[in-house]
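Below, each chain spelled out in residue letters.
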Number of protein chains: 2
Amino acid sequence: MTLSNPAAPSASPAATAEPITFLTYGEAMALFVADTPGDLARVERFTRRVAGADLNVATGLARLGFRVGYLSRVGGDAFGRMIVDALAAEGIDTRHVSIDDRWPTGFQLKARATGGADPSVESFRRGSAASHLSVADFDAAYADEATHLHLTGVAPAISASSLELAHRLAAHFLAAGKTVSFDPNLRPALWPSTEVMVDKVNALAALATWVLPGLAEGRILTGASDPEGIAAFYLARGVRGVVVKLGVEGAYYASADGERGYVAAVPVAEVIDTVGAGDGFAVGVVSALHEGFSLARASARGALIGALAVQVIGDSEGLPSRAQLARLEASAASGLAVRAAIGDPHVAP
Amino acid sequence: MTLSNPAAPSASPAATAEPITFLTYGEAMALFVADTPGDLARVERFTRRVAGADLNVATGLARLGFRVGYLSRVGGDAFGRMIVDALAAEGIDTRHVSIDDRWPTGFQLKARATGGADPSVESFRRGSAASHLSVADFDAAYADEATHLHLTGVAPAISASSLELAHRLAAHFLAAGKTVSFDPNLRPALWPSTEVMVDKVNALAALATWVLPGLAEGRILTGASDPEGIAAFYLARGVRGVVVKLGVEGAYYASADGERGYVAAVPVAEVIDTVGAGDGFAVGVVSALHEGFSLARASARGALIGALAVQVIGDSEGLPSRAQLARLEASAASGLAVRAAIGDPHVAP
């Protein structure tokens, strides 16, 4: 048997584990971040972390105190052990993280960015253990524990079997009357063509309750040029709410109920690394909507956590605890008031 | 076109490059060496180097002033660019290092060893660019520049097409009346079974002029238990000379001409990392034989360079320049005299 679950032999059998609230699935990778700027081929010292858009969202939700389940496979290697340890350290439920000895764990190299530019990232994930995720990894009882599913467009892009798993998960949550959030996280290099990517990603997005595209992504996916047009595209396909991320311009939100508007970006003193900003944004939006807040309020929390993520080197280390978030939301509220007073046209009412 | 040669567009066209003396082929990998001891899954900081048994030998021969050709493929990624840069920095001829965009460059993790133990190494090389090496990479005109071919048992193990290339290279050198050295470098994890490994590695060894097994390798490959029996096995198959590496016990050598004996290991104050010792040994033996020295003298140089390799963290950074080697051989000669005087039974006459 080459598939095993690291949690299985533990003293806490699955039957007695605390049920999860959120379920995410995807590919966690080892991440080597360059210690110095410059061409990755010339950097000699690296710091090892973990990477994965879905993993970042799981981490952010877990830090806010939610019980989060992560469904994945890792290889039977040092990277796989490291990832399972990292998940456990964040309090993420690893009952459905399998160790698959047949394939390696994927990994990434990330350059040290300078001046707020997007850092160069190279992925080594083809044929990884996670790329062999399939509907065989689906467990209805586990999915039934959760009230919400978060999907990204990354894991469905790594293989046809993983895409099938994404659809199975989304269909299961929808059939149960539960909510699904979807962040396109476009990775053109993982798809055979732009046409296939747009087709497959939009098919998944149409299943979601909430869709969270970036502006550039939305333009590629919908053909619309402005946030309003992008949101309208998904609302017309039955999505309940759309939040379009606008980078330093903040975000635009629109719901099927007619709620719409802009929230401002949260100013940051220095952008260290932009990777993970969108994942932090998703953490804010999904957690706030789960807590019953409006789409406007959820978008503001997304902008707040996204701003934290760009101020650190790692992809997830800027994600706040519940206490940190509470303090930040309190101070951001007064900050927004000031911005509104000076007439920033993007500040939501 | 996905295959390209980084040297092709340079100002020094292949036709006017200085001819090579030695040819090696194989797989160069990125190597991440842990900065701190312990389980690789828990180490956070790594230093990036290059790895590869054949690459280490090429590096060692180049440092001794020889013109060395390295035949390989790397991926179109940061690791591949890094390797080409590293080869060029060592003065190794890269005219036949192709960049193959279709596959990634392989890489390794290496733990920080303590107390002279062999460090834990994990390889991520399956499906790598180099594993797609084949007879299509063979270039008779390039091979004809060289007077000697060094083969290891690693590259022939990474794929059937690479094994076929190894045979093509060896046959070409033998047909031209040139010499071939072979270091088994057994990698059981890369072979489907021990039986297949023994069969394939011995088939290559039988083609070689000089075979350089370690004692444990020789026992697996020949069934003999002592160095004499291991050497006799290969001499009976037509090999001209065998040097069996005995670790801290030095080495045993035997030639078809009847030359045989032991050389002592060179004492080292502290063993830092044992990886690369055998490659350093090969550099010493091959360079000395090429220079016309006896098998005894060549084995002594092998022991000397092998000892240098274990005193550094990297796989190849202990390999000496020609000037360093000359100084070391001079002082080792006096050291050997002292050891002979005190009756060390392993010192060659």
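Residues numbered from 1 in each chain as written. Chains lettered and ligands numbered in written order. Predicted model: local features only at pLDDT ≥ 70, side-chain atom pairs only at ≥ 80, totals over all residues. Heavy atoms only, no water.

1. Quick word on the overall build of chain A
The number of helices and strands found in chain A is 10 helices and 14 strands. Since a compact globule built from 349 residues should have a radius of gyration of about 20 Å, the 19 Å found for chain A is in line with a globular shape. Seen through its principal axes, chain A has C-alpha atoms that stretch 65 × 50 × 45 Å. Here chain A holds 349 residues, and the buried ones make up 57% of them. For chain A, the exposed surface amounts to about 13200 Å²; the carbon and sulfur share of it is 56%. (Helix = DSSP H or I, 4+ residues; strand = E, 2+ residues; numbered from the N terminus. Rg over C-alpha atoms; globule rule 2.2 N^0.38 Å. Buried < 20%, exposed > 50% of the residue type's maximum accessible area, 1.4 Å probe, protein only. Areas by Shrake-Rupley, 256 points an atom, 1.4 Å probe, with all protein chains shown as cover.)

2. Some remarks on the side chain of Arg95(A)
Residue and element names in this part refer to chain A. Residue position: Arg95 is located in the loop between helix H2 (78-89) and strand S6 (97-100). Within polar-contact distance, the side chain of Arg95 engages the side chain of Asp93 at 2.8 Å. A distance of 2.9 Å separates polar atoms of two side chains, one belonging to Arg95 and the other to Glu145. (Polar contact = N/O pair within 3.5 Å; in protein donor to acceptor, adjacent residues only side chain to side chain.)

3. Side note on the pattern of salt bridges
One pass over the full model with this rule turns up 36 salt bridges over all chains. Between Arg81(A) and Glu122(B) there is a salt bridge; the shortest N-O distance is 3.6 Å. One end of the pair, Arg81(A), is in helix H2; the other, Glu122(B), is in strand S8 (residues 121-124), on a second chain. Residue classification places Arg81(A) among the partly exposed residues on the basis of a relative accessible area of 35%. Arg322(A) is the salt-bridge partner of Glu291(A), the closest N and O atoms lying 2.7 Å from each other. Of this pair, Glu291(A) sits in the loop between helix H8 (277-290) and helix H9 (295-309) while Arg322(A) is found in helix H10 (residues 322-341), placing the two residues 31 residues apart along the sequence. The class of Glu291(A) is partly exposed, set by a relative accessible area of 29%. (Salt bridge = Lys/Arg side-chain N within 4 Å of Asp/Glu carboxyl O.)

4. Description of helix H5 (residues 194-205) of chain B
It helps to recall that an α-helix has 3.6 residues per turn; residues three or four apart then point in one direction. Residues and elements named next belong to chain B. With 12 residues, H5 should cover 16 Å at 1.5 Å per step; its first-to-last C-alpha distance of 16 Å lies within 8% of that length. Buried residues of H5: Met197, Val198, Val201, Asn202, Leu204 and Ala205, and no others. Buried positions in H5, seen along its axis, are confined to an arc of 155° and lie on one side of it. For H5, the exposed residues set more than 90 degrees away from the buried face come down to Glu195 and Asp199. (Expected span 1.5 Å × (residues − 1). Arc of directions from axis to C-beta.)

5. Re the interface of chain B and chain A
Of the residues lining the interface, 27 residues belong to chain B; the matching set on chain A comes to 27 residues. In total, chain B and chain A occlude about 2300 Å² of area from one another, counting both sides; carbon and sulfur atoms represent 49% of this. Taken as a group, Ala41(B), Arg48(B) and Phe124(B) account for 22% of the area that chain B buries against chain A, more than any other trio of residues on that side. For the pair chain B and chain A, the number of links is eight salt bridges. In this structure, Asp35(B) and Arg45(A) form a salt bridge, with 2.6 Å as the shortest nitrogen-oxygen distance. On inspection of chain B and its partner chain A, the count reaches 19 residue pairs in polar contact (both at pLDDT 80 or more). At the level of elements, strand S3 (29-37), strand S4 (45-51), helix H2 (78-89), strand S7 (107-112) and S8 of chain B are the ones that each hand at least two residues to the side of chain B that touches chain A. The element contributing the most residues to the side of chain B that touches chain A is H2(B), with five residues. For the side of chain B that touches chain A, the class distribution of residues is 13 nonpolar, two polar and 12 charged. (Contact = heavy atoms within 4.5 Å. Buried area = accessible area lost by both parts, 1.4 Å probe. Nonpolar A, V, L, I, M, F, W, Y, C, P; charged D, E, K, R; others polar.)

6. A look at the packing of aromatic side chains
Inspection of every chain in the model, using the stated rule, returns 24 aromatic pairs over all chains. Measuring from centroid to centroid gives 5.3 Å for Phe46(A) and Phe32(B), while their planes differ by 70°, and the two rings are edge-to-face. Of this pair, Phe46(A) sits in strand S4 (residues 45-51) while Phe32(B) is found in strand S3, placing the two residues in two different chains. Of the two residues, Phe46(A) and Phe32(B), neither departs from the other in class, the shared state being buried. (Phe/Tyr/Trp six-rings, centres within 6.5 Å; stacked < 30°, edge-to-face > 60°.)

7. Description of the relation of the copies chain B and chain A
The operation relating the two chain copies consists of a rotation about an axis and a shift along that axis. Superposition of chain B onto chain A requires a rotation of 179° combined with a translation of 0.1 Å along the rotation axis, giving an RMSD of 0.0 Å. Here the transformation between the copies is reduced to the relation of a two-fold axis. Distance from the rotation axis, computed per C-alpha, reaches its smallest value in chain B at Phe46(B): 2.7 Å. A symmetric contact is evident, with 100% of the interface residues of chain B recurring at the interface of chain A. (Least-squares fit on C-alpha atoms with pLDDT ≥ 70 in both.)

8. A word on the environment of Ala51(B)
Residue and element names in this part refer to chain B. The topology assignment puts Ala51 in strand S4. In this structure the C-alpha to C-alpha distance between Ala51 and Ser316, which are 265 residues apart in sequence, comes to 8.0 Å. Residues within four places of Ala51 in sequence aside, it is in contact with Glu27, Ala28, Met29, Leu31, Gln108 and Asp315.

9. What about the UniProt feature "domain: Carbohydrate kinase PfkB" (unreviewed entry) in chain A?
In the numbering used here, UniProt assigns the feature "domain: Carbohydrate kinase PfkB" (unreviewed entry) to residues 24-321 of chain A. Helix and strand shares over residues 24-321 of chain A are 35% and 22% respectively, and the end C-alpha atoms of the span are 19 Å apart. (UniProt positions renumbered as here; feature names shortened; annotations may be inferred.)

10. A look at unusual backbone geometry
Phi at Asn185(A) is positive, roughly 40°, even though this residue is not glycine. In this structure Asn185(A) comes out as buried when scored by relative accessible area, which is 9%.

11. Thoughts on H9(A)
End to end, H9(A) covers 21 Å across 15 residues, agreeing with the expected 21 Å (1.5 Å per residue, within 8%). Judged by how many residues are buried, H9(A) sits mostly within the fold: 13 of 15 residues are covered.

12. What about the packing of H8(A) against H9(A)?
Residues and elements named next belong to chain A. At a closest axis distance of 7 Å, the pairing of H8 and H9 adopts a crossing angle of 150°. For the pair H8 and H9, the sense of crossing is right-handed. Here Ala277, Gly280, Phe281, Val283, Gly284, Val285, Ser287, Ala288 and Leu289 of H8 come into contact with H9, specifically with Leu295, Ala298, Ser299, Arg301, Gly302, Ala303, Ile305, Gly306 and Ala309. For the contact of H8 with H9, the per-class residue count stands at 11 nonpolar, six polar and one charged. (Axes fitted to C-alpha atoms, helices over the stretch in contact; angles between N-to-C directions. Left-handed = near helix turned anticlockwise from the far one by under 90°.)

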